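Notes for the structure review
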Amino acid sequence: SAQISPDARFVAYTQSETDFEQNAFLTQIFVTEVATGKGRQLTRAKKSSTEPHWAPDSRWLAFLSDREGGKNQIFAISPEGGEAVQLTKSETAVGNFEWAPNGETIVFTAAPKRPEERKKSLGEFDVVRKEYAYAHLWLLKVAEALNAPQAGAPLTSGTAYSVGGFDWSPDGKRIAFSATRNPDLIQGHTSDIYLLTVEGKEVKKLVDLPGPDRAPQYSPDGALLVFASAMGNAKAYSSNNVRLAIVPVSGGAPRSLTDSFDENPTVAAWKKDGIYFTALQRTQM
């Protein structure tokens, strides 16, 4: 989970070890100064700290931990050290999260709180393939959260889809996300690409093809999205490689970029000089 700070001063990463007292693997966050090579451990809680994400100004390193209440929440810590600050008090566990380009807000995924009536009768049990905890996008105002943990404001809701991967537009006005019909693993083949306008919470479907389309990322100018796609092949979820495709945010037909690449590519970043991606070669999953 190596993450270079935007000001290029630090590299944050995680390190895991066995905790025999808790019968668990414990993960902690470390930072190394680029100029000197000196490293230090940032987190030391008795619960894991994972998924480090730098604030755009490099002043904070946000991460996930279930150290409070037993479910993942977002915390922030200075790269110089000190105590971590809890930012969220979501009723359910926080999934993915990402800083807005201006650093003033964070968007994260979490399922809505279950009705009290349902909780009284079934508690925390799930009725398999009859009811689901749909993941949705929530917005957190960082300045308020630094004073006291916040629940966040919902940006999406309902049972029409369950949100997966997402990405902020460079201007911070929109969020592209992928979503499946419901969070059941078997629904991976229904994944489509959506656009959310943050102000107004307007959602529209941008890519609606058979097979999975997921993990969208914006181009540096915000005009295009790159994403992993089956390019309309409904059987690709189980047996075929996905491709990298692009589509204008204004709409249109997706175009494959990796027809001649015989592996499963995963986008790492889209920079001004091109799209960087990773892939496993000669490896069976």
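Here, the structure is the one placed above.
Since the structure is predicted, the reported quantities are computational estimates derived from the model, not experimental observations.

Helix and strand counts for the protein stand at three helices and 22 strands. Radius of gyration (C-alpha) of the protein: 20 Å, near the 19 Å computed for a compact globule of 285 residues. Structurally, the protein occupies a C-alpha span of about 55 × 50 × 40 Å along its principal axes. Considering the protein as a whole, with its 285 residues, one finds that 38% of them fall into the buried category.

With that settled, the discussion passes to the packing of aromatic side chains. Per the counting criterion, the structure on display carries nine aromatic pairs. Aromatic side chains Tyr-13 and Phe-30 sit 5.6 Å apart centroid to centroid with 15° between the ring planes, which places their arrangement in the stacked category. Residue Tyr-13 is located in strand β2 (residues 10-19), and its partner Phe-30 is located in strand β3 (residues 24-33); the two are separated by 17 residues in the primary sequence. What makes Tyr-13 partly exposed here is its relative accessible area of 27%. Linked through ring pairs, Tyr-161, Phe-177 and Tyr-194 together constitute an aromatic cluster. Lying over the aromatic face of Phe-75, Arg-67 brings its terminal NZ or CZ to 5.0 Å of the ring centre.

Turning our attention to the sheet that holds strand β14 (residues 174-180). An order of β13-β14-β15-β16 is seen for the four strands of this open sheet, with the pairing classed as antiparallel. Only two strands of the sheet have a single neighbouring strand rather than two, namely β13 (162-168) and β16 (202-207). Strand-to-strand twist in this sheet, taken as the mean axis angle between neighbours without regard to direction, amounts to 30°. With five bridges joining them, β13 and β14 adopt antiparallel strand pairing. Counterpart to Ser-162 in the pairing with β14 is Thr-180.

To continue, consider the pairing of strand β17 (residues 213-218). Across four bridges, the pairing between β17 and strand β18 (residues 224-229) is antiparallel. Bridge pairing in β18 places Tyr-218 opposite Leu-225. Between β17 and β18, which pair antiparallel and follow one another directly, the connecting turn spans five residues, one of which, Gly-222, has a positive phi of 75°.

The four strands lie next to each other as β1-β2-β3-β4, forming an open sheet whose pairing is antiparallel. The sheet is open, and its two edges are formed by β1 (3-4) and β4 (39-41), each paired on a single side. Relative to β2, β1 runs antiparallel, the two being bridged by two bridges. Residue pairing in the sheet places Gln-3 in a bridge with Ala-12 of β2.

For the rest of this paragraph, the subject is the side chain of Thr-156. Its location among the elements puts Thr-156 in the loop between β12 (153-154) and β13. In this structure Thr-156 comes out as buried when scored by relative accessible area, which is 5%. Here the side chain of Thr-156 touches His-136 through a polar contact of 2.8 Å, side chain to side chain. Separated by 3.0 Å, the side chain of Thr-156 and the backbone nitrogen of Leu-137 make a polar contact. Setting aside anything within four residues of it in sequence, one finds Thr-156 in contact with His-136, Leu-137, Tyr-161, Val-163, Phe-177, Leu-196 and Val-203.

Tracing the backbone through its elements, the reader meets Ala-228 in strand β18. With relative accessibility at 4%, the residue Ala-228 sits in the buried group. Residue contacts for Ala-228: discarding those within four places in its chain leaves Pro-212, Asp-213, Arg-214, Ala-215, Val-242, Arg-243 and Leu-244.

Rules and cut-offs
Residues numbered from 1 in each chain as written. Predicted model: local features only at pLDDT ≥ 70, side-chain atom pairs only at ≥ 80, totals over all residues. Heavy atoms only, no water. Helix = DSSP H or I, 4+ residues; strand = E, 2+ residues; numbered from the N terminus. Rg over C-alpha atoms; globule rule 2.2 N^0.38 Å. Buried < 20%, exposed > 50% of the residue type's maximum accessible area, 1.4 Å probe, protein only. Phe/Tyr/Trp six-rings, centres within 6.5 Å; stacked < 30°, edge-to-face > 60°. Lys NZ or Arg CZ within 6 Å of the ring centre and 35° of its normal. Pairing = 2+ DSSP bridges. Axes fitted to C-alpha atoms, helices over the stretch in contact; angles between N-to-C directions. Polar contact = N/O pair within 3.5 Å; in protein donor to acceptor, adjacent residues only side chain to side chain. Contact = heavy atoms within 4.5 Å.

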